[in-house]
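Here is how the chains run, residue by residue.
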Amino acid sequence: MNKLSNISLARRAWRIRRNALRMGEVQGQGYIAQALGIADVLAVAYFHALSFRPEEPEWEERDRFLLSIGHYAIALYAALIEAGIIPESELETYGSDDSRLPMSGMASYTPGMEITGGSLGHGLGIAVGFALGLKRKSSKNFVYNLLSDGELNEGSTWEAAMAGSHWKLDNLIAIVDINDQQADGPSSAMTSREPQIDRWRAFGWYVERVDGNNIDEVVAAFDRARLHDGAQPRVILCDTKMAKGVKFLEEREMNHFLRVDPDEWEMALNILDEGKPA
Amino acid sequence: MSETPVANAPPKRLTTSAMIASLAAPGQRTKPAPFGHALTELARENKNIVGMSADLSKYTDMHIFAKAYPERFYQMGMAEQLLMSAAAGMAREGAQPFVTTYAVFAARRAYDFICLAIAEENLDVKIVCALPGLTTGYGPSHQATEDIAIFRGMPNLTIIDPCDALDIEQAVPAIAPYKGPVYMRLLRGNVPLVLDEYNYKFVLGRAAMLRDENDVLIISSGFMTMRALEAAKLLEQDNVKAAVLHVPTIKPLDEAGILAAASKPGRMVVVAENHSVIGGLGEAVASLLLRHGVTPAFRQIGLPDQFLDAGALPTLHERYGISTEAVARQIKSWL
């Protein structure tokens, strides 16, 4: 992929948010706050970091992007549409019968969806297998795994974290969306507590922590993670704001699964459009 | 415990509740580590095969493969969830993982990972698990008495329960060309060799009639086929003629083969399995027969629906009705 300027990345992120809002409108509800929150990270991942061919989603030399948090599918579809892997016309089928875009991400449904997510705590272990499998083939490609702070509650995530450093998987990059929100409330009030940096370091990982809604910071973190020369896996901890970019949704409490009234979608899109980047 | 220990009883040296014990009767012919040798042999040709284990390679005969191909063996540590999810990732990248652990850990601890990461995507992962059913006297922590009940409900998963060393060494190359997830129950160490006397060949998805007689039909899987064959010899002394239909593939079941055998008039059907009477081969066969209106006299020989005792295997097999003598005794009582 061409490395795009950061201003273009802001435009990409804006379009990912817009795609996600339009899909949310189809169903009138959904994990839209997560999609708005992670849009900047996905823009950097797909339009700065990853190698891929839109017309050939299974291209052997692609970087693998594994979404373990299946409910973020709406966000990834939005990015895959922007990347040209899914046609924009399918957007309006989101969550409908026989759609390739079900509410939870599944490998067999959607081009560009590498794994079936949804049962949290699977992604990083599967990513370890991908990374071992790529090394076995002497591939130079990276395996990215987007997981969430809630997913750090799962013990299997830490089995995988131990394995990543044990096998010196320098081709593995975990991205953790720290939005401090899970189904029952704030992640920080459950077991995914600070200090996150120390936890990952103690497990042998190279750690970056950034404001996940600051594109310049995210770009720099991805670059450092990819170029780091240590024989160890890398993690980019991204602090994000739920529903970022649509103020009245940002302020809604308990926005893990947002219900948005019919008239509010238009309002949300208008607010987003007012902030359209140059 | 079903029996109260007697105070000051002399130590019985021949009994042990150790984790690992051979199923072989004294003097019985055995082959060492049939799975390990078969996999190692197969991997010579099939370069995509990798071995993975969760700190149990030595106890699943995987160590033979690991020694032959150290660069193709992945020691995942005592982490069965990781074992299964990493195997899924390896399969996505073109490897054919054979993963081993104990049946209890695959079925109970790693179920969600086998189900979603492997089976839902129909990935080519072979899960080979030691200590199926009652093959250890170590107690419920290691006795996988309900593994088949757990796995039968999982879509896409093929389930194999081989009888002996011959069955295992033939099953390994037979399941490899099949591109999908397989759960295979494993007998390890010095494994009895029985089926070479019966002109038998493992065919995936097929039942095999080892003895065809008229009084009773024993439908069995795993080492209970060996017990059924021995019991049939005992029954013969009482002039009871027992047929034995070996069903090494539990899922998908050889429905045509079982229906044909069970439809023969005047023959009681007894299903014998090294598994709980709930959710295993017995209930699978019962449901099959009923659905097709085939209703012979029907009995089950299997493990009771309870957590089993610790003890020596011969003691426990007798106690729970799956020893050769207990099989013969029960069948006689039903005729």
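Within every chain, residues take consecutive numbers counted from 1 along the sequence as written. Naming scheme: in the order in which they are written, chains are lettered from A and ligands are numbered from 1. Two thresholds apply to this predicted model, a pLDDT of at least 70 for residue-level local features and 80 or more for giving and counting side-chain atom pairs, whereas whole-chain, interface and lining totals are computed over all residues.

Draft legend 1. Region of interest: helix H2 (residues 32-49) of chain A. Residues and elements named next belong to chain A. Taking 1.5 Å of rise per residue, the 18 residues of H2 would be expected to cover 26 Å, and the 24 Å separating its terminal C-alpha atoms lies within 8% of that figure. A residue's bend is simply the angle between two axes: one fitted to the seven residues ending at it, one to the seven starting at it. The numbering of helices and of strands both runs from the N terminus, where a helix is a DSSP run of H or I of at least 4 residues and a strand a run of E of at least 2. By the largest-angle criterion, Ile 38 marks the main kink of H2, which is about 50°. With C-beta atoms placed from the backbone, a residue is labelled by how many other C-beta atoms lie within 10 Å of its own: buried for 20 or more, exposed for 12 or fewer, partly exposed between the two. Of all the 18 residues making up H2, 18 are buried; the element is thus mostly covered by neighbouring parts of the structure. By this rule the span expected of a helix is its residue count minus one, scaled by 1.5 Å.

Draft legend 2. How the structure looks around the interface of chain B and chain A. Here the contact rule is simple: place C-beta atoms from the backbone, and any two residues whose C-beta atoms are within 7 Å are in contact. Each partner contributes to the interface: chain B provides 21 residues, whereas chain A provides 20 residues. Going through the elements one at a time, helix H3 (80-92) and helix H5 (111-119) of chain B are the ones with two or more residues in the side of chain B that touches chain A. If one sorts the elements of the side of chain B that touches chain A by residue count, H3 of chain B sits on top with nine residues. When its residues are assigned to classes, the side of chain B that touches chain A shows twelve nonpolar, four polar and five charged. For this classification, Asp, Glu, Lys and Arg are treated as charged, while Ala, Val, Leu, Ile, Met, Phe, Trp, Tyr, Cys and Pro are nonpolar and the rest, including Gly, are polar.

Draft legend 3. Highlighting helix H9 (residues 255-262) of chain B. Residue and element names in this part refer to chain B. Residues Ile 258, Ala 261 and Ala 262 constitute the buried set of H9. Looking down the long axis of H9, one finds its buried residues gathered within 90° of arc, a one-sided arrangement. Considering only its buried residues, H9 is in contact with strand S9 (208-211), strand S10 (216-220), strand S11 (242-246), strand S13 (268-276) and helix H10 (281-291). Working definition: the arc comes from the directions between the helix axis and the C-beta atoms, pointing outward to the latter.

Draft legend 4. Focus on the packing of helix H8 (residues 223-237) of chain B against helix H12 (residues 324-334) of chain B. Residue and element names in this part refer to chain B. Running from N to C, H8 and H12 point in directions that differ by 55°, and their axes come no closer than 8 Å. Regarding the angle of H8 to H12, the classification is oblique. For H8 against H12, the interelement crossing comes out right-handed. Contact with H8, carried on its side by Arg 227, Ala 228, Glu 230, Ala 231, Leu 234 and Leu 235, involves Thr 324, Val 327, Ala 328, Ile 331 and Lys 332 of H12 and no other residues of that element. Here the residues of the contact of H8 with H12 are counted per class, giving seven nonpolar, one polar and three charged. All axes here are fitted lines through C-alpha atoms, helices being fitted over the stretch that makes contact, and every angle between N-to-C directions spans 0 to 180 degrees. For classification purposes, angles smaller than 35 degrees are called roughly parallel, those larger than 145 roughly antiparallel, those between 65 and 115 roughly perpendicular, and all remaining angles oblique. A clockwise turn of the near helix away from the far one marks a right-handed crossing, whereas an anticlockwise turn of less than a right angle marks a left-handed crossing.

Draft legend 5. Seen up close, the sheet that holds strand S4 (residues 172-178) of chain A. Residue and element names in this part refer to chain A. Taking strand neighbours across the sheet as the criterion, the five strands line up as S2-S3-S4-S6-S5 in an open arrangement whose pairing is parallel. In this open sheet, the two edge strands, each paired with only one partner strand, are strand S2 (64-67) and strand S5 (206-211). Between one strand and the next, the sheet's axes are offset by a mean angle of 20°, whatever the strand orientation. Only strands joined by at least two bridges in the DSSP assignment are considered to pair. The sheet contact formed by S2 and strand S3 (residues 143-148) spans four bridges and is parallel. Counterpart to Leu 67 in the pairing with S3 is Leu 146. Against the sheet, H2 engages S2, S3, S4 and strand S6 (234-239), with an angle of about 160° to S4.

Draft legend 6. Molecular detail of the packing of helix H1 (residues 6-27) of chain A against helix H7 (residues 215-227) of chain A. Residues and elements named next belong to chain A. The geometry of H1 relative to H7 is characterised by a closest axis approach of 10 Å and an angle of 110° between their N-to-C directions. In terms of orientation, H1 and H7 fall into the roughly perpendicular class. Along the contact surface, H1 presents Asn 6, Leu 9, Ala 10 and Ala 13, while H7 presents Ile 215, Asp 216 and Val 219. In terms of residue class, the contact of H1 with H7 is built from five nonpolar, one polar and one charged.

Draft legend 7. Inspection of the pairing of strand S5 (residues 126-130) of chain B at higher detail. Residue and element names in this part refer to chain B. Most of S5 sits out of view: five of its five residues are buried. On S5, burial covers both faces: Lys 126, Val 128 and Ala 130 on one face and Ile 127 and Cys 129 on the other are all buried. By the bridge criterion, five bridges tie strand S4 (residues 96-102) to S5 in an arrangement that is parallel. Looking at the pairing, Tyr 102 lines up with Ala 130 of S5.

Draft legend 8. Summary view of the domain arrangement of chain B. Residues and elements named next belong to chain B. Segmenting chain B into domains produces domain 1 (30-192) and domain 2 (205-334). Segmentation of the chain into domains, including their bounds, is taken from an automatic or database domain assignment. Computed from C-alpha coordinates alone, the two centres of domain 1 and domain 2 are separated by 25 Å. Elements supplying a minimum of two residues to the side of domain 1 that touches domain 2: helix H6 (147-152), strand S6 (158-160) and helix H7 (165-175). Its residues placed into classes, the side of domain 1 that touches domain 2 shows 14 nonpolar, six polar and six charged.

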